[in-house]
Amino acid sequence: MSWQARIEAALAQRLASDTFRRRRPLSQGAGRWLAQGERRWLNFSSNDYLGLSQHPQLIAAWQEGAVRYGVGSGGSGHVTGYSEAHEQFEQQLADWLGYPRALLFISGFAANQAVIAALMTDADRIVADRLSHASLLEAASHSPAQLRRFVHNDTAHLTQLLARPVSGQQLAVTEGVFSMDGDGAPLAAIADAARGAEAYLLVDDAHGIGVSGEEGRGSCWQQGIKPDLLVVTFGKAFGVSGAAVLCSDALADYLLQYARHLIYSTSMPPAQAVALSRALALIRGDEGEARRRALRQHIARFRDGASQLGLKLTGSESAIQPLIVGDNGRALALAEQLRARGCWLTAIRPPTVPAGTARLRITLTSAHEAQDIDRLLEVLHAAGE
Ligand SMILES: *Cc1c(COP(=O)(O)O)cnc(C)c1O
């Protein structure tokens, strides 16, 4: 098949199955509102759980950072791209989460790719929760290690897979809060299973960090575990972007030698690290606490209201509240109806989620007001009729 024929066939397949993705240029995408030109909608789609993306102090910190350091880092961290701002933020993160070291990456996707690629050999095995994020599963399937997936949150299955003979080492992989379902992992039991098999444990807490646990330290802190590798990302509750891996001194030094993303890629701008330090200070302080409280209240209000309306909720207690619709076309039509009534929601379809489980993925943020949640419920009610 020629290149052209192959690409056209792949596009036609997506169109035919209602899975063709389109982007929309927005004038605001995160926070309480989503705006496109002059129009705006209540935003129930962003991962800006604490509303920090629009915070004046973060905007000011980024500006100050740019004045101090310029707008770019000028190279990888091994050449010119590691600034005092990067070092300071890494130390603040390590201190906050109780780890010897933190290493910054430009994104969570990059961090997961880098860590898995740097650690795994063809003698090894990765045992990952089946619903792990695409960045983890893709890294695992590209790595030379064997990949086995355990049934979602099934610790017995994980234990069983880890017990099979292996000539090298094993890495157990899961998430603190799952991105499409919003449910949490039984982290203490998973950490026990990994320890029992002498496997390293990697927990990606993209959706838990900043949101749960004391001072927003996330799912692992909340459940009293300290995985060998903790991946946290800054595009969600931190309201910015970027990621970090928290680990031991030896692992950090190892990743600095062997993680190609840290060697051959320009590091994040120092000004971004300055803004992230500011975000961390807010998250740890009273303001973070107040924002987490507001978010919890919105989640409770949404769940109460939705169950009164007889809507089918999942068990999620996080800011991610999926309404499973099933059919792709119906999920798209519902999302369209909700938008027509001023609430922006996205329909999430396969292959992002398993076939037959297309859903409306509702995300709540502390930037919402109680009346926004009521409006969403009203509109969901009307669309369901
Ligand atoms: C969003 C997300 C990522 C990717 O992080 P980015 O910084 O957006 O690249 C990785 N893992 C999980 C679980 C996520 O939800």
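Residues numbered from 1 in each chain as written. Predicted model: local features only at pLDDT ≥ 70, side-chain atom pairs only at ≥ 80, totals over all residues. Heavy atoms only, no water.

### Comments concerning the site of the ligand
Item 1. Neighbouring the ligand are 13 residues, the closest being Gly108, Phe109, Asp204, His207 and Lys236.
Item 2. Within the contact set of the ligand, an oxygen atom lies 2.9 Å away from a backbone nitrogen or oxygen of Phe109.
Item 3. Here a nitrogen atom of the ligand and a side-chain polar atom of Asp204 are 2.5 Å apart.
Item 4. When isolated, the ligand has an accessible area of 380 Å², and the protein chains bury 83% of it.
Item 5. With 3 residues, the top contributor of residues to the shell around the ligand is helix 4 (residues 108–119).
Item 6. When the residues that make up the shell around the ligand are grouped by side-chain class, the tally is 2 nonpolar, 8 polar and 3 charged. (Near = heavy atom within 4 Å. Polar contact = N/O pair within 3.5 Å; in protein donor to acceptor, adjacent residues only side chain to side chain. Areas by Shrake-Rupley, 256 points an atom, 1.4 Å probe, with all protein chains shown as cover. Helix = DSSP H or I, 4+ residues; strand = E, 2+ residues; numbered from the N terminus. Nonpolar A, V, L, I, M, F, W, Y, C, P; charged D, E, K, R; others polar.)

### A word on the UniProt feature "modified residue: N6-(pyridoxal phosphate)lysine" (unreviewed entry) in the protein chain
Item 1. Following the UniProt record, one finds the feature "modified residue: N6-(pyridoxal phosphate)lysine" (unreviewed entry) at Lys236.
Item 2. Relative to the helices and strands, Lys236 resides in the loop between strand 8 (229–233) and strand 9 (243–247).
Item 3. Here Lys236 is in contact with Asn47, Asp48, Tyr49, Ala206 and His207, once residues within four sequence places are set aside. (UniProt positions renumbered as here; feature names shortened; annotations may be inferred. Contact = heavy atoms within 4.5 Å.)

### Digging into the domain arrangement of the protein chain
Item 1. Once the domains are mapped, the protein chain shows domain 1 (24–47 + 286–382) and domain 2 (56–284).
Item 2. Domain 1 and domain 2 are separated by 26 Å when their C-alpha centres are compared.
Item 3. For the pair domain 1 and domain 2, the summed buried area comes to about 1,200 Å², and 54% of that belongs to carbon and sulfur atoms.
Item 4. Summed over the three residues of domain 1 that lose the most area to domain 2, namely Asn47, Arg292 and Ile320, the buried surface amounts to 41% of that side.
Item 5. The shortest N-O distance in the salt bridge between Asp181 and Arg359 comes to 3.2 Å.
Item 6. Run the count over domain 1 and domain 2 and you get 8 residue pairs in polar contact (both at pLDDT 80 or more).
Item 7. Taken together, the elements giving at least two residues each to the side of domain 1 that touches domain 2 come down to helix 12 (286–308), strand 10 (320–326) and strand 13 (358–363).
Item 8. Examining the composition of the side of domain 1 that touches domain 2, we find that 5 residues originate from one element, helix 12, more than from any other.
Item 9. Partitioned by chemical class, the residues of the side of domain 1 that touches domain 2 number 5 nonpolar, 6 polar and 6 charged. (Domains from an automatic or database assignment. Buried area = accessible area lost by both parts, 1.4 Å probe. Salt bridge = Lys/Arg side-chain N within 4 Å of Asp/Glu carboxyl O.)

### Remarks on the nonpolar core
Item 1. Of all hydrophobic cores here, the largest spans 75 residues; its most connected members are Phe44, Leu93, Phe234, Phe238, Phe302 and Ile362.
Item 2. Two domains share this core, each providing at least three of its residues, namely domain 1 (24–47 + 286–382) and domain 2 (56–284).
Item 3. Leave out the neighbours within four places in its chain, and Phe238 touches Leu52, Leu58, Phe89, Trp96, Ile209, Thr233, Leu276, Ala279, Leu280 and Ile283.
Item 4. In this structure, Ala114, Leu255, Ala259 and Leu262 belong to the second largest nonpolar core, which totals 30 residues. (Core = buried A, V, L, I, M, F, W, Y, C linked by side-chain atoms within 4.5 Å. Buried < 20%, exposed > 50% of the residue type's maximum accessible area, 1.4 Å probe, protein only.)

### Details of the environment of Glu215
Item 1. Positionally, Glu215 belongs in the loop between strand 7 (200–204) and helix 8 (219–222).
Item 2. Taking the C-alpha atoms as reference, Glu215 lies 31 Å from Ser76; in sequence the two are 139 residues apart.
Item 3. Excluding its chain neighbours within four sequence positions, the residues that come into contact with Glu215 are Trp96, Ile283, Arg284 and Arg292.
Item 4. A polar contact is formed between the side chain of Glu215 and the side chain of Arg284, at a distance of 2.7 Å.

### Re helix 11 (residues 270–284)
An α-helical segment advances 3.6 residues per turn. Residues three or four places apart therefore align on the same side.
Item 1. An ideal rise of 1.5 Å per residue puts 21 Å on 15 residues; helix 11 measures up with 21 Å between its terminal C-alpha atoms.
Item 2. Of all 15 residues in helix 11, 11 are buried, a share of seventy percent or more.
Item 3. Its buried side turned inward, helix 11 meets helix 2 (56–69), helix 3 (84–97) and helix 12. (Expected span 1.5 Å × (residues − 1).)

### Side note on the packing of aromatic side chains
Item 1. Scanning the model with the defined rule gives 5 aromatic pairs in all.
Item 2. A centroid spacing of 4.7 Å and a plane angle of 35 degrees characterise the contact between Tyr254 and Tyr258, whose relative ring orientation is tilted. Of this pair, Tyr254 and Tyr258 are both found in helix 9 (residues 249–258), 4 residues apart, which corresponds to roughly one turn of the helix.
Item 3. Taking the relative accessible area as the measure of exposure, Tyr254 reaches 30% and is therefore partly exposed.
Item 4. Among the aromatic residues, those joined into a ring-pair cluster are Phe89, Trp96, Phe234 and Phe238.
Item 5. Across from the ring centre of Trp3, 4.4 Å away, lies the NZ or CZ of Arg6, which sits over that ring.
Item 6. Arg217 extends its terminal NZ or CZ atom over the ring of Trp221, reaching a point 4.1 Å from the ring centre. (Phe/Tyr/Trp six-rings, centres within 6.5 Å; stacked < 30°, edge-to-face > 60°. Lys NZ or Arg CZ within 6 Å of the ring centre and 35° of its normal.)

### Focus on the sheet that holds strand 7
Item 1. Strand order in the open sheet formed by 7 strands is 3-9-8-7-6-4-5, and the pairing between neighbours is mixed. The open sheet has two edge strands, strand 3 (101–105) and strand 5 (146–150), and neither has a second partner. Between one strand and the next, the sheet's axes are offset by a mean angle of 20 degrees, whatever the strand orientation.
Item 2. Strands strand 3, strand 8 and strand 9 of the sheet are contacted by helix 3, whose axis makes an angle of about 130 degrees with strand 3. (Pairing = 2+ DSSP bridges. Axes fitted to C-alpha atoms, helices over the stretch in contact; angles between N-to-C directions.)

### Observations regarding the side chain of Asp124
Item 1. Of note, Asp124 is situated in the loop between helix 4 and strand 4 (125–129).
Item 2. It is Arg125 that comes nearest to the buried, bridge-free Asp124 among opposite-charge side chains, at 9.6 Å.
Item 3. A distance of 2.7 Å separates a polar atom in the side chain of Asp124 from the backbone nitrogen of Gln169.
Item 4. Every residue in contact with Asp124, bar those within four places of it in the chain, is listed here: Leu119, Ala145, Gln146, Val166, Gly168 and Gln169. (Lys, Arg positive; Asp, Glu negative; His and termini not counted.)

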